Amino acid sequence: MSTDEIRAIEMLGRVSYGRVATSMRAMPFVAPARHIVTDGRVVLRMHQGLGYHRACNGSVVAYGADNFNSGSENLWSVQFTGTAEIVEPTEEELAAFGPAPEQADGEPFAPVYMRIEPQFVTVHALDYASETPTTRPAPHSVRRHLHHVA
């Protein structure tokens with residue numbers, strides 16, 4: 001595993017939720033998911049009742065997470081792209097997920113778990129640390145320092 005891949009996995013471990021993206025009936029969609037990282041793979045917990053897991057299973061998906069609402073001067077976003085498959089989590093993985101929500105969109109939460117085998121990982125970073133509040137650009141003109149992992 002490259003240094004950048006290790007960095008991306010470490011960053012993903014700092015947050016609990018992200019978004020999985022793929023297509024369903026030829027239409028793109030993005031859905032929220034809880035994640036953990038185990039053995040270099042991303043494992044997701046989603047609500048089965050929405051049916052998104054059926055579109056993801058066996059397909060290439062992108063899973064992204066970020067710290068954009070953290071208040072940090074060093075913002076980041078990571079994306080793991082690879083094939084997803086429905087899995088039964090181990091007891092250790094279930095414990096790492098923690099408690100599940102009671103409801104999703106007003107119905108009882110029914111978990112389904114998916115593992116993503118990353119084909120590639122992308123890291124994006126926005127660094128405001130060297131700027132003062134008077135020199136910081138407006139949000140629509142943010143300077144980007146991008147780092148890509150292949």
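Going by the structure above, here's the rest.
Reading the values: rules and limits
Residues numbered from 1 in each chain as written. Predicted model: local features only at pLDDT ≥ 70, side-chain atom pairs only at ≥ 80, totals over all residues. Heavy atoms only, no water. Phe/Tyr/Trp six-rings, centres within 6.5 Å; stacked < 30°, edge-to-face > 60°. Helix = DSSP H or I, 4+ residues; strand = E, 2+ residues; numbered from the N terminus. Buried < 20%, exposed > 50% of the residue type's maximum accessible area, 1.4 Å probe, protein only. Pairing = 2+ DSSP bridges.

Caption draft 1: Quick peek at the packing of aromatic side chains. What the rule picks out here adds up to 2 aromatic pairs. Taking the centre distance of 4.5 Å and the plane angle of 20° together, the rings of Phe-29 and Tyr-52 count as stacked. In this pair, Phe-29 sits in strand 2 (residues 27-38) while Tyr-52 sits in helix 2 (residues 52-56), placing the two residues 23 residues apart along the sequence. In this structure Phe-29 comes out as buried when scored by relative accessible area, which is 11%. For Tyr-52, a relative accessible area of 22% translates into the label partly exposed. Centroid distance Phe-97 to Tyr-113: 5.3 Å. Interplanar angle 55°. Geometry classified as tilted. Pair noted here: Phe-97 is in helix 3 (residues 91-97) and Tyr-113 is in strand 8 (residues 111-127), with a separation of 16 residues, a long-range link. Of the residues examined, Phe-97 reaches a relative accessible area of 2% and is grouped as buried. Using a relative accessible area of 11% as the deciding quantity, one classes Tyr-113 as buried.

Caption draft 2: Molecular detail of the pairing of strand 8. Pairing of strand 3 (residues 41-47) with strand 8, which is carried by 6 bridges, proceeds in the antiparallel orientation. Bridge pairing in strand 8 places Met-46 opposite Val-112. Judged from the 14 bridges that link them, strand 5 (residues 74-87) and strand 8 form a sheet pairing that is antiparallel. Bridge pairing in strand 8 places Ile-86 opposite Met-114.

Structural measurements only, silent on function.
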